[in-house]
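Given next are the chains, with one letter for each unit.
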Amino acid sequence: HNNQHTYNVHKTGSIINHNNVTGIPIPINVGPSIPSGSSLIQNTNESDDVLIREVIEKARALPGNDVCADCSSSDVRWVDVEHGVFICTGCSGIHRNMGFTVKNIGFGKWQLDWADKLYNTGNIKSNETLVTNIPEDIQPLTSKTSHQQKLKYIKTKYARKVTGDTATTIHAPLNVSTMRTDGHMYRWKRKAWKKYWFVLRGQSLEYYRAKTALLNNTLRLKSKPLGVIQLLLAKIEQSNTQRSGKKFFLISTPHKIHEIACKHDDEFDTWFETLSKLSTSQT
């Protein structure tokens, strides 16, 4: 084996135990220790699947990753790969419904960068940033907390997202009671208002074809967005005029200007306030 790598890849196959349905980390020999913050994804001739499984197990062995990042349940079977945290079955459904990518620890197709982010972020590091979004009147979760309380807590906690390694955060705290994370809005296209389903993920606003992407007003898991509007460098302002009887606001990015309208005034005000707080070029 090439000893210059910072990891050991076992040639016998994946080191994850697929019969382990408890989610409790299994003591295994995963090679030498790796400094926290170091990338495990390096050039290798071994299969990606074997390497990914090893990185996942190394991440699980780190402090704080043996319980759910949200409710501290030991039933840890899932990962929110966008935030790099381990979560339980109950909390995973809420993450998934919020539009985050959720993967099973032991099964399914994984990407190398997901596993690497999981190792370099983890529950403790992620919570140090995200729990600051939670007001004092919202109590911390336990494994016995009701679903409705979990829903409120998790939606509040993940309303603001750290982006990549630059730790870019929203400039003003968002009030989760007025924040919209998904819903119908209209884009002006080809001299008419076209209805789309919009999903806000961090500082990206995705839009989908409403008729084909939704099932019972819930985004289908395999739906692909028609487009993504990056809000970090966008300028958001309300138009002083109306178009075809609708008031609208403009999202101006370095590459395009998007004209957005809503069916109701309260929806318009909520979306406009939320998106304005996410933009670094507010007016």
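Before any of the text, the structure's been laid out above.
Rules used throughout
Residues numbered from 1 in each chain as written. Predicted model: local features only at pLDDT ≥ 70, side-chain atom pairs only at ≥ 80, totals over all residues. Heavy atoms only, no water. Buried < 20%, exposed > 50% of the residue type's maximum accessible area, 1.4 Å probe, protein only. Helix = DSSP H or I, 4+ residues; strand = E, 2+ residues; numbered from the N terminus. Arc of directions from axis to C-beta. Salt bridge = Lys/Arg side-chain N within 4 Å of Asp/Glu carboxyl O. Pairing = 2+ DSSP bridges. Axes fitted to C-alpha atoms, helices over the stretch in contact; angles between N-to-C directions. Contact = heavy atoms within 4.5 Å. Phe/Tyr/Trp six-rings, centres within 6.5 Å; stacked < 30°, edge-to-face > 60°. Patch = residues over 30% accessible without salt bridge, like charges linked within 9 Å, V, L, I, M, F, W, Y side chains within 5 Å. Areas by Shrake-Rupley, 256 points an atom, 1.4 Å probe, with all protein chains shown as cover. Lys, Arg positive; Asp, Glu negative; His and termini not counted. Charge placed at Lys NZ, Arg CZ, Asp CG, Glu CD. Parallel < 35°, antiparallel > 145°, perpendicular 65-115°, else oblique. Left-handed = near helix turned anticlockwise from the far one by under 90°. Nonpolar A, V, L, I, M, F, W, Y, C, P; charged D, E, K, R; others polar.

J.: Help me out: how do you make sense of helix α5 (residues 147–157) in this one?
T.: A turn of α-helix holds 3.6 residues, and therefore any two residues three or four places apart point the same way. Taken as a whole, α5 has its buried residues at Lys 150, Tyr 153, Ile 154, Thr 156 and Lys 157. The buried side chains of α5 occupy one side of the element, clustering within an arc of 160 degrees when seen end-on. In α5, those exposed residues whose orientation departs by more than 90 degrees from the buried face are Gln 148 and Lys 152.

J.: Honestly, the pattern of salt bridges in this entry has me stumped. Any pointers?
T.: Close approach of charged atoms allows side chains with opposite charge to pair. Applying the stated rule across the entire model yields seven salt bridges. Glu 57 is paired through a salt bridge with Arg 60; the nearest N and O atoms lie 2.7 Å apart. In this pair, Glu 57 and Arg 60 are both assigned in helix α1 (residues 48–60), three residues apart and thus about one turn of the helix distant. Note on Arg 60: relative accessible area 4%, which makes it buried.

J.: Before we go on, may I ask you to explain the sheet that holds strand β11 (residues 246–252) in this structure?
T.: Pairing between sheet strands relies on hydrogen bonds along the backbone, with the strands arranged either parallel or antiparallel. Spatial ordering of the open sheet is given by β9-β6-β5-β4-β12-β11-β10, a layout of seven strands whose pairing is antiparallel. Looking at strand neighbours, the two that pair on one side only are β9 (227–230) and β10 (235–243), the edges of this open sheet. In this sheet, adjacent strand axes meet at a mean angle of 40 degrees when their direction is disregarded. Bridge analysis of β10 against β11 gives six bridges, and the strand direction is antiparallel. Residue pairing across strands places Ile 236 opposite Ile 251, the latter belonging to β11.

J.: Sorry if this is basic, but what is going on with the sheet that holds strand β3 (residues 102–104) here?
T.: If you walk across this open sheet you meet the three strands as β2-β1-β3, and the pairing is antiparallel. On the outer flanks of this sheet lie β2 (85–88) and β3, each paired with one strand and no other. In this sheet, neighbouring strand axes are inclined to one another by 40 degrees on average, regardless of whether the strands run parallel or antiparallel. Lying over the sheet, helix α2 (residues 89–97) contacts β1 (76–80), β2 and β3, oriented at roughly 115 degrees with respect to β2.

J.: How should the packing of aromatic side chains be read in this particular structure?
T.: For any pair of aromatic rings, geometry is given as the distance between the ring centres together with the angle between the planes. In total, this model carries ten aromatic pairs according to the counting rule given. Where Tyr 196 meets Phe 198, the ring centres are 6.5 Å apart and the plane angle is 80 degrees; that geometry is what we call edge-to-face. Measuring from centroid to centroid gives 5.5 Å for Tyr 196 and Tyr 207, while their planes differ by 70 degrees, and the two rings are edge-to-face. Placement of the pair is Tyr 196 in strand β5 (residues 192–201) and Tyr 207 in strand β6 (residues 204–209), with a sequence separation of eleven residues.

J.: Can you help me understand a positive patch on the surface in this one?
T.: Positive charge collects at one region of the surface, where Lys 189, Arg 190, Lys 194, Arg 209 and Lys 256 lie side by side. With respect to the helices, strands and loops of the structure, Arg 209 is situated in strand β6.

J.: Help me understand the pairing of β6, please; the structure alone is not making it clear to me.
T.: For a regular strand, side-chain orientation follows a simple rule: the groups alternate between the two sheet faces. Of all six residues in β6, five are buried, a share of seventy percent or more. Across four bridges, β6 lies against β9 in antiparallel orientation. Paired with Leu 205 across the strands is Ile 229, a residue of β9.

J.: Please clarify how the packing of α1 against helix α3 (residues 112–120) should be interpreted in this entry.
T.: At their nearest, the axes of α1 and α3 sit 9 Å apart, and the two run at 15 degrees to each other. Classified by the angle their axes make, α1 and α3 are roughly parallel. Handedness of the α1/α3 crossing: left-handed. Each of Asp 48, Leu 51, Ile 52, Val 55, Ile 56, Lys 58 and Ala 59 in α1 lies in contact with α3, whose residues at this interface are Leu 112, Ala 115, Asp 116, Leu 118 and Tyr 119. Considering only residue class, the contact of α1 with α3 consists of nine nonpolar, no polar and three charged.

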